[in-house]
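# Inside the fold
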Amino acid sequence: MQSTPAPFGRVLTAMATAFHDDGSVDLDSTARIAAYLVDHGHDGVVVSGTTGEAPTTTVAEDGEILAAVKDAVGARATVIAGVGTNSTSHSVELARQAEKLGADGILLVTPYYNKPGQAGVLHHFRSVVESADLPVMLYDVPGRTGTTIAMDTFEQAFAWDRVVAVKDATGDLVRAVRLSQMGYAVYSGDDEANLGYLAHGAVGVVSVVGHVAGRELRALVDAYAAGDHAGALQIFTRLLPAIDAVMGVDNYGATTAKAALQLLGVLDNRNVRSPLVALDEAEVDALRVGLDAAGLLATSASEA
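Residues numbered from 1 in each chain as written. Predicted model: local features only at pLDDT ≥ 70, side-chain atom pairs only at ≥ 80, totals over all residues. Heavy atoms only, no water.

## A look at the UniProt feature "site: Part of a proton relay during catalysis" (unreviewed entry) in the chain
Operational definition: UniProt positions are given in the numbering used here, feature names are shortened, and annotations may be inferred rather than shown by experiment. Labels follow the DSSP assignment, with helices taken as runs of H or I lasting at least four residues and strands as runs of E lasting at least two, numbered in each case from the N terminus. Relative accessibility thresholds used throughout: buried, under 20% of the residue-type maximum; exposed, over 50%; partly exposed, between the two (1.4 Å probe, protein chains only). Throughout, a residue-residue contact means that at least one pair of heavy atoms, one from each residue, lies within 4.5 Å.
Per the UniProt entry, the sites bearing "site: Part of a proton relay during catalysis" (unreviewed entry) are Thr50 and Tyr113 in this numbering. Taken together, the annotated residues stretch across 64 residues yet fold into one region, lying no more than 14.1 Å apart by C-alpha. Residue position: Tyr113 is located in the loop between strand 4 (105-109) and helix 4 (118-129). Look at Tyr113 and you get exposed, because its relative accessible area is 73%. Tyr113 has contacts with Asn86 and Thr145, leaving out every residue within four places of it along the chain.

In structure tokens:
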């Protein structure tokens, strides 16, 4: 793993977007999230992904978010712009904007809901890839999109010079091996499977739990890369209560990430945009228990 290139770094988080009480984007707080992540073990961040609530943000807002995060951390971390939608023209517009604003790469998810066949997926990918001169991380998350990227589609897409990586959230560890053999830099897209993906050839992770466990994920990835597999397992095991708390509930993702950041004092609210609803007090209490069991709140308190 140490010798395998990681084009965007090894520890990244798909970061949340902060909102004011009136629902508008809070750029200062969004930049603060990015700075916190980079200060706590991250090589890079992904903005305007699912956890960033991209389905509810406009093109203009996505540009403002990207610019704010680039200004905050772009000199010391990679900033990847999520541009995947279920409209090819919309994704092309976002990719061109990302290039103009200086993104280090783009995250391109399979079109969701309209469920194109593989020919449509490939056409969509190619249209977006060719629209901007940026390295591309494809994103395979059939649980959200309803479509799995076929291996033949991956093989054809890898022939395009700009396609270099894949965020894999299929849970199929054998696919990770095959994608690595194909030449992709594979990133785990599922915190519950991070250690398994590393063991099956992944170069790193694109996390959600990283909002509160960046240094721990850094230690996990570094331990595995150094051949300390027992140490990596020990770190992963210690993180399990936090992984369960952040990812193991129905109302997870942006909602749990923001509530966790609020518990850590990084955010002063946990506002989300409808159709998401913020965690209620009982859900926050359960989240607190999980983070505390993983030792993450104690770490935060000692730093303060």
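Next, the rest of the story.
## Some remarks on the UniProt feature "active site" (unreviewed entry) in the chain
This is how it is decided: Under this definition, polar contacts are N or O atom pairs within 3.5 Å; protein pairs additionally need one hydrogen-donor-capable and one acceptor-capable atom, and for neighbouring residues in sequence, both atoms have to be side-chain atoms.
The positions that UniProt labels "active site" (unreviewed entry) are, in the present scheme, Tyr139 and Lys167. A maximum C-alpha distance of 4.7 Å places the annotated residues, which cover 29 residues in sequence, within one compact spot. Checked against the element boundaries, Tyr139 lands in strand 5 (residues 136-140). Every residue in contact with Tyr139, bar those within four places of it in the chain, is listed here: Leu107, Leu108, Val109, Thr110, Ile149, Lys167 and Ala169. Inspection of the secondary structure puts Lys167 in strand 6 (residues 163-168). Note on Lys167: relative accessible area 5%, which makes it buried. When sequence neighbours within four positions are dropped, the list of residues in contact with Lys167 reads Ala14, Leu107, Met137, Leu138, Tyr139, Asp140, Tyr187, Gly189 and Val206. Of the polar contacts made by the side chain of Lys167, one reaches the side chain of Tyr139; its length is 3.4 Å.

## Topic: the packing of aromatic side chains
Quick reminder of the rule: Side-chain rings of Phe, Tyr and Trp, where Trp is taken by its six-membered ring, are said to pair if the distance between their centres is within 6.5 Å; with planes under 30 degrees apart they count as stacked, over 60 as edge-to-face, and otherwise as tilted.
All told, the structure shown has 2 aromatic pairs when counted by the stated rule. Aromatic pair Phe154 and Tyr184: ring centres 5.4 Å apart, planes at 80 degrees, arrangement edge-to-face. Of the two residues, Phe154 sits in helix 6 (residues 151-158) while Tyr184 sits in the loop between helix 7 (173-182) and strand 7 (185-188), which places them 30 residues apart along the sequence. Grouping residues by exposure puts Phe154 and Tyr184 together as buried. Centroid distance Phe158 to Tyr184: 4.7 Å. Interplanar angle 50 degrees. Geometry classified as tilted. Placement of the pair is Phe158 in helix 6 and Tyr184 in the loop between helix 7 and strand 7, with a sequence separation of 26 residues. Here Phe158 falls in the partly exposed class, since its relative accessible area comes to 27%. A relative accessible area of 3% means that Tyr184 is categorised as buried.

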